[in-house]
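# Tertiary structure, described
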Amino acid sequence: MKLSTYNFLTSVAIKGVKVGFPLKLTINKKEVVESEFNPTFVERILPKLDWSAVYGAAQVAELTEDIPAVQPENIVENELLLQKLHHLLFEIDVLEGQLECPETGRVFPISDGIPNMLLNEDEV
Amino acid sequence: MHVEETQQKVNKAKKADKKQRRCLAIIKSDCEVSPSAEPTPYLAVLNVGLSNGLTEECLLTEAAATGGKVIQVVMLPGKSYCFFICASLEDSQLIYEGMHNISTIGQQGAVAYLSYIRQLPALAGKSEWNKPLPRGLHIIADFVTEEEESTLLRAIGEDGRTSEGTGSLKHRNVKHFGFEFLYGTNNVDPSKPLEQSIPSACDILWPRLNSFASTWDWSSPDQLTVNEYEPGHGIPPHVDTHSAFLDPILSLSLQSDVVMDFRRGDDQVQVRLPRRSLLIMSGEARYDWTHGIRPKHIDVVPSASGGLTTQARGKRTSLTFRRLRKGPCDCSYPALCDTQQTKVPQELHASLAAQAITLEQQNVHEVYDKIADHFSETRHTPWPQVSEFLDSFEPQSVVLDIGCGNGKYLSCNPLLLSVGCDRAQGLLAVGRRKGQNVFRCDCLVVPVRSSSIDGCISIAVIHHLATKERRLAALQEMARVLRPGGRALVYVWAKDQRKNDKKSTYLRQNKAVNKERTTEQQQRQKQHQELEQQLSNNNPLPVHTNRTEFQQQDVLVPWKTKDEQKTTYLRYYHVFEEQELENLVSQVHEVQLIKSYYDQGNHCAIFEKISKNSL
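Because the structure is predicted, anything quoted here is derived from the model rather than measured.

## A short note on the overall build of chain B
Helix and strand counts for chain B come out as 15 helices and 30 strands. Reported as C-alpha extents along the three principal axes, the dimensions of chain B are approximately 95 × 75 × 45 Å. In chain B, which comprises 615 residues, the share counted as buried stands at 53%. The contacts of chain B with a sequence gap of at least 6 include a subset with a gap of at least 24, amounting to 70%. About 28600 Å² of surface is accessible on chain B, with carbon and sulfur atoms providing 49% of the total.

Put into structure tokens, the structure is as follows:
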């Protein structure tokens with residue numbers, strides 16, 4: 001699972017959960033898959049992402065030195081930051097780990113790179 | 001000169017020996033056949049068979065020219081060899097001497113090689129001529145005299161020619177009396193009798209049937225179809241529509257003999273219909289066997305001496321007499337019964353609602369998990385209009401594919417951020433191996449932030465949901481994750497696999513039907529028999545026959561695995577009627593339909609989430 005995908009996932013469907021976002025991420029095994037850096041792509045994807053989950057992912061991936069807690073305004077001119085965001089969002093691939101609902105603690109395992117977000121009927 | 005000729009002969013014989021050995025080796029790897037140096041009554045034609053275009057007629061004509069008599073010909077489908085059983089050793093020798101390395105019946109005049117064999121291979125099977133007739137089938141020879149034959153031909157010629165029912169089909173001329181048989185629907189319209197009723201010349205026939213008619217639904221017919229077959233014409237195997245006509249169906253053959261094939265699943269019986277005979281199809285023969293005539297110029301028929309011989313066809317006119325049913329059929333042969341195949345059981349909707357989750361679990365999720373790899377191999381080419389939709393987004397848009405399967409649409413447009421989800425772990429793993437972003441979920445509960453997605457596709461997914469409420473909920477879930485202004489594309493399988501009389505790709509791939517080697521009815525029947533053997537047959541829903549028209553909306557569609565077991569899995573589908581998808585979209589909150597269309601057997605809709613401002 002790429003951390004860009006992580007940015008969209010929520011547990012809000014669980015009965016009684018109000019926000020369900022961001023999910024608590026645990027990484028047990030990851031790899032880095034290098035891909036071509038395209039500053040425009042990162043820059044134009046950013047408005048569609050939730051920065052708190054971007055920063056949250058950076059914390060778990062131990063990249064907080066690279067990524068600020070608050071989204072800077074002049075990000076277009078900051079190619080170095082865009083490059084670091086590219087690495088965080090599109091190159092880190094979580095192979096084993098889990099996602100946890102912040103409100104109920106329900107755990108969604110990630111194995112072989114695929115998060116299992118399937119809920120049982122009685123949880124919805 | 002003389003020496004050269006001798007040398008050539010020797011070379012030719014040597015070549016034939018070599019060929020003979022090589023062909024025998026090939027046949028041996030196929031089936032148990034041992035060659036014999038001494039003459040036997042069994043002959044193998046080593047290098048020509050059905051697979052390279054040899055016909056039984058051609059083979060028999062060639063054998064007859066040697067003076068040898070043949071009792072049975074065994075031709076195996078898809079094989080480049082065939083066998084004879086000869087009447088005696090003498091006959092066998094005549095044929096061998098006359099044909100081996102001489103007869104040019106191969107492709108493009110290639111010479112045939114023969115060999116004596118000790119016995120026929122086990123899979124040769126029984127002759128189609130020694131089988132009992134289907135139950136309910138009777139043939140009454142000399143049912144009319146030659147004078148009556150001429151009278152009848154005159155009567156139908158004079159009366160019918162000007163009637164509205166005159167027409168010419170692809171392979172034969174037809175005329176109708178009483179009611180027109182409509183080939184589009186394979187039925188009649190009982191409210192529209194023709195001006196011409198059955199000619200009174202036919203009235204001589206009915207008193208002759210008194211001994212049979214006590215068990216029939218009728219004593220005189222009200223519909224007559226006349227078919228004129230020139231040599232080479234035929235009629236594809238079919239059963240007369242159950243709901244259109246009562247039991248039995250009568251057919252009088254005039255002017256020429258012909259051979260008719262009766263089939264039920266794998267059972268096949270050939271029946272000779274002599275000139276001036278009456279064929280009676282009643283009960284099982286009328287309802288549960290298909291009948292047809294192969295488009296040939298020559299028939300193979302049993303000879304008076306117990307062997308086989310060929311018979312050239314002449315122009316043949318058949319008079320088919322039937323009586324309209326004017327209501328649903330209540331026969332006890334459901335496999336080919338249009339009434340029973342299209343009837344939706346009343347309790348079905350209630351039971352679908354109660355069992356939706358179990359049904360989807362067993363007949364969708366579990367099946368896709370089991371067939372994932374094979375299924376994925378068959379799903380590689382993106383449908384052009386789906387690709388087009390994906391290309392309509394601005395670069396760097398976020399697109400979610402709900403029910404992404406093996407993820408074939410996730411890499412269509414590399415300028416997008418594409419994410420896919422599916423229920424089937426096996427299919428997700430295929431996509432994941434290709435480096436795609438995927439997660440596992442149900443399409444009714446998509447774990448994605450509301451209003452976060454620019455585009456959404458769901459291709460061939462919601463037709464797996466067993467109730468209207470669930471299908472609607474899946475669309476509503478797509479609407480929820482779309483941002484205002486975001487667009488979604490949905491594909492579902494259409495019940496109607498034809499548009500403007502054009503068959504969909506799905507139907508076009510049924511090559512056997514399209515080349516008229518068989519019919520949809522026959523395939524349905526064959527499958528019905530196979531499934532009876534394989535499955536417990538207490539399926540809650542009718543089982544669809546692959547690559548034929550859908551008979552119902554809620555069906556189980558078989559998937560046959562490629563491995564040796566050839567296991568059949570049944571997938572549940574709800575195939576959509578026209579406008580059904582549009583109606584469903586109209587019930588989704590916060591969206592409007594942009595476009596809907598029909599694409600290769602699918603109903604498709606594009607809808608957009610309305611921006612808050614315009615609400």
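## Re empty space enclosed by the protein
Per the counting criterion, the structure on display carries three cavities of 30 Å³ or more. Approximately 60 Å³ is the volume found for the largest cavity. Lining the largest cavity are Tyr229(B), Glu230(B), His233(B), Ser256(B), Asp257(B), Val258(B), Ile293(B), Arg313(B), Gly314(B) and Arg316(B). Residues that form the lining of the largest cavity fall into these classes: three nonpolar, three polar and four charged. Taken as a whole, the second largest cavity holds about 40 Å³ of empty space. If you go around the second largest cavity, the residues you meet are Thr5(A), Phe8(A), Val398(B), Leu400(B), Val419(B), Phe439(B), Val448(B) and Ile453(B). A breakdown of the residues in the lining of the second largest cavity according to their chemical character gives seven nonpolar, one polar and no charged.

## Structural notes on the pairing of strand S1 (residues 42-45) of chain B
Bridging between S1(B) and strand S3 (residues 82-86) of chain B involves four bridges; their strand directions are antiparallel. The residue bridging Val45(B) from the neighbouring strand is Cys82(B), located in S3(B).

## Some words on the domain arrangement of chain B
All names here are of chain B. One can read the domain layout of chain B as domain 1 (12-124), domain 2 (137-330), domain 3 (355-496 + 577-614) and domain 4 (498-574). Here domain 1 and domain 2 have C-alpha centroids that lie 38 Å from each other. Facing nine residues of domain 1, the contacting portion of domain 2 comprises nine residues. Taking both partners together, domain 1 and domain 2 bury about 670 Å²; carbon and sulfur atoms supply 63% of that area. The largest per-residue losses of area from domain 1 upon contact with domain 2 belong to Glu 57, Leu 60 and Ile 71, which jointly make up 60% of the total buried on that side.

## Structural notes on the pairing of strand S28 (residues 568-574) of chain B
Most of S28(B) is tucked away: seven of the seven residues are buried. Neither face of S28(B) is open: one carries Thr568(B), Leu570(B), Tyr572(B) and His574(B), the other Tyr569(B), Arg571(B) and Tyr573(B), and all of them are buried.

## Re unusual backbone geometry
Here the residue pair Phe21(A) and Pro22(A) is connected by a cis peptide bond, since its omega of -10 degrees sits within 30 degrees of zero. Of note, Pro22(A) is situated in the loop between helix H1 (3-6) and strand S1 (24-32). With an omega of 5 degrees, the peptide bond between Asp247(B) and Pro248(B) qualifies as cis. Counting through the fold element by element, Pro248(B) comes out in the loop between strand S11 (235-238) and strand S12 (249-254). With a phi angle near 50 degrees, Gln108(B) is a residue other than glycine that sits in the positive phi range. Tracing the chain through its elements places Gln108(B) in the loop between helix H3 (89-99) and strand S4 (114-117). Of note in the backbone geometry, Glu590(B) takes a positive phi value of approximately 65 degrees without being a glycine.

## Details of the packing of aromatic side chains
Residues and elements named next belong to chain B. Tallied over the entire structure, the rule returns 17 aromatic pairs over all chains. For the pair Trp 493 and Tyr 506, a centre-to-centre distance of 4.8 Å together with 80 degrees between the ring planes defines the contact as edge-to-face. Remark: Tyr 506 occurs in helix H12 (residues 505-508) and Trp 493 occurs in strand S24 (residues 482-493); sequence separation between them is 13 residues. Since its relative accessible area comes to 11%, Trp 493 is described here as buried. Measuring from ring centre to ring centre gives 4.9 Å for Trp 493 and Phe 550, while their planes differ by 80 degrees; the resulting arrangement is edge-to-face. Highlighted residues: Trp 493 in strand S24 and Phe 550 in the loop between helix H14 (520-534) and strand S27 (554-560), separated in sequence by 57 residues. Here Trp 493 matches Phe 550 in class, with each residue buried. Aromatic ring contacts, followed pair by pair, group Trp 493, Tyr 506, Phe 550 and Tyr 573 into a single cluster. The ring of Trp 383 has Lys 408 lying over it, and the distance from NZ or CZ to the ring centre is 5.4 Å.

## Notes on the interface of chain B and chain A
The interface of chain B with chain A comprises 29 residues on the first partner and 30 residues on the second. Contact between chain B and chain A buries roughly 2400 Å² in total, counting both sides, with carbon and sulfur atoms accounting for 62%. The three residues of chain B that bury the most area against chain A are Gln396(B), Arg432(B) and Arg449(B), which together make up 32% of that side's buried surface. Across the pair Arg44(A) and Glu394(B) runs a salt bridge, and its minimum N-O distance is 3.6 Å. There are 11 residue pairs in polar contact (both at pLDDT 80 or more) connecting chain B and chain A. Listing elements by their share of the side of chain B that touches chain A, those giving two or more residues are strand S21 (417-422), helix H10 (425-433), strand S22 (437-440) and strand S23 (453-459) of chain B. Across the side of chain B that touches chain A, the residue classes break down as 16 nonpolar, six polar and seven charged.

## Regarding the pattern of salt bridges
The full count for this structure, using the stated rule, is 27 salt bridges over all chains. Lys48(A) is the salt-bridge partner of Asp454(B), the closest N and O atoms lying 3.0 Å from each other. Taken together, the residues Asp454(B) in strand S23 and Lys48(A) in the loop between helix H2 (39-45) and helix H3 (51-60) connect one chain to another. Using a relative accessible area of 2% as the deciding quantity, one classes Asp454(B) as buried.

## Some points on the UniProt feature "domain: TRM112" in chain A
Here, UniProt's "domain: TRM112" annotation points to residues 2-120 of chain A. Between the end C-alpha atoms of residues 2-120 of chain A there is a gap of 25 Å, over a span that is 29% helix and 21% strand.

Reading guide: rules and limits
Residues numbered from 1 in each chain as written. Chains lettered and ligands numbered in written order. Predicted model: local features only at pLDDT ≥ 70, side-chain atom pairs only at ≥ 80, totals over all residues. Heavy atoms only, no water. Helix = DSSP H or I, 4+ residues; strand = E, 2+ residues; numbered from the N terminus. Buried < 20%, exposed > 50% of the residue type's maximum accessible area, 1.4 Å probe, protein only. Contact = heavy atoms within 4.5 Å. Areas by Shrake-Rupley, 256 points an atom, 1.4 Å probe, with all protein chains shown as cover. 1 Å grid on protein atoms, 1.4 Å probe; cavity = no way out; pocket = protein on both sides within 12 Å on 5 of 7 lines; lining within 4 Å. Points joined across faces, edges and corners; volume = space filled by probe spheres on them. Nonpolar A, V, L, I, M, F, W, Y, C, P; charged D, E, K, R; others polar. Pairing = 2+ DSSP bridges. Domains from an automatic or database assignment. Buried area = accessible area lost by both parts, 1.4 Å probe. Phe/Tyr/Trp six-rings, centres within 6.5 Å; stacked < 30°, edge-to-face > 60°. Lys NZ or Arg CZ within 6 Å of the ring centre and 35° of its normal. Salt bridge = Lys/Arg side-chain N within 4 Å of Asp/Glu carboxyl O. Polar contact = N/O pair within 3.5 Å; in protein donor to acceptor, adjacent residues only side chain to side chain. UniProt positions renumbered as here; feature names shortened; annotations may be inferred.

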